[in-house]
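The lines below spell out each chain.
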Amino acid sequence: MTDTAAEIRLVYRVTGPDTGTADISGLRAGDDVELIGVLGNGYDVPYIAAHYVRPVLMGGGIGIPPMLELARELTSAYAGSGSGGSPTVILGYRDDETFLRKDFESAAMQGSLFLATEDGSVGTRGNVLDVMREQDVSCDVMLACGPMPMLRAIAAYAEERGVPAFVSLEERMACGVGACLGCVVRTGETDPHSHVKNARICTEGPVFRTTDVEILKA
């Protein structure tokens, strides 16, 4: 395509020989692909930019790619608002294969970028919250995407400090449109669709405020 507004960039990791990601890796230029989207709800950038000026964006593993576009959109929103707000980005990797690092570095962000690796090969040894503590990062809202153990830890950290947090939940999704109820998360409110205290990650989510969902229990 020559029209960049009509392009979609997919960042994926092949998870096995007989998987959808393996099929994607075998695609070639000119192949036809059927897509359904956009599904669910993302981060409310206008709301965040209007109510907070020191957001920290935290991505872990496969949850890193969504943070790139969010960082760009927030940076643009702050530039247009004149509020002086700017995002801080913290990315957590297993080792020195810091994919998308250059994209974040060239995203023209006004804020800061920190890295954490489990083996200590790049940045802080540990996880994204270890960076928060080591670098003494302050924020007025936390925005995160990554594996559930990471999101649980962030939810607990935010609760302890009285900081609002919004997380993008990962889950296997069968239908993607909320019919199968295969990707539910416990909530404090009754879902009008299922009539129980559940929310469908594919439709009501994947982004939730941590106080609206019960993710602290394993």
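Residues numbered from 1 in each chain as written. Predicted model: local features only at pLDDT ≥ 70, side-chain atom pairs only at ≥ 80, totals over all residues. Heavy atoms only, no water.

A. Structural view of the overall build of the protein. Broken down by element type, the protein carries 6 helices and 9 strands. Scaling as 2.2 N^0.38, a compact globule of 218 residues should have a C-alpha radius of gyration of about 17 Å, and the protein matches this with 18 Å. Across its three principal axes, the protein shows a C-alpha extent of roughly 45 × 45 × 40 Å. Taking as baseline every contact in the protein between residues at least 6 positions apart, the subset at least 24 positions apart corresponds to 61%. When the accessible surface of the protein is split by element, carbon and sulfur atoms take 50% of a total near 12,600 Å². (Helix = DSSP H or I, 4+ residues; strand = E, 2+ residues; numbered from the N terminus. Rg over C-alpha atoms; globule rule 2.2 N^0.38 Å. Contact = heavy atoms within 4.5 Å. Areas by Shrake-Rupley, 256 points an atom, 1.4 Å probe, with all protein chains shown as cover.)

B. Representation of the side chain of T124. With respect to the helices and strands, T124 occurs in strand β4 (residues 124–125). Separated by 2.8 Å, the side chains of T124 and E134 make a polar contact. Not counting residues within four places of it along the chain, the set of residues in contact with T124 comprises L115, A116, T117, D130, V131, E134 and Q135. (Polar contact = N/O pair within 3.5 Å; in protein donor to acceptor, adjacent residues only side chain to side chain.)

C. Layout of the pairing of strand β2 (residues 88–93). Most of β2 is tucked away: 6 of the 6 residues are buried. Taking every second residue as pointing to the same face, both faces of β2 are buried, with T88, I90 and G92 on one and V89, L91 and Y93 on the other. Examined bridge by bridge, strand β1 (residues 55–60) and β2 share 5 bridges and lie parallel to one another. Paired with G60 across the two strands is G92, which belongs to β2. (Buried < 20%, exposed > 50% of the residue type's maximum accessible area, 1.4 Å probe, protein only. Pairing = 2+ DSSP bridges.)

D. Inspection of the packing of aromatic side chains at higher detail. In the structure shown here, the tally under the stated rule is 2 aromatic pairs. With a centroid separation of 6.3 Å and an interplanar angle of 70 degrees, the aromatic rings of Y47 and Y52 are classed as edge-to-face. Across the ring face of Y157, the terminal group of R161 is positioned such that the distance to the ring centre comes to 3.7 Å. (Phe/Tyr/Trp six-rings, centres within 6.5 Å; stacked < 30°, edge-to-face > 60°. Lys NZ or Arg CZ within 6 Å of the ring centre and 35° of its normal.)

E. Representation of the state of the cysteines in the model. On inspection of all chains with the given rule, the structure shows 0 disulfides. For the unlinked cysteine C145, the closest cysteine sulfur is that of C183, found at 14 Å. Relative accessible area serves as the criterion here: at 5%, C145 is assigned to the buried category. Here C183 is not disulfide-linked; the sulfur of C202 is the nearest cysteine sulfur, at 3.8 Å. (Disulfide = S-S within 2.5 Å.)

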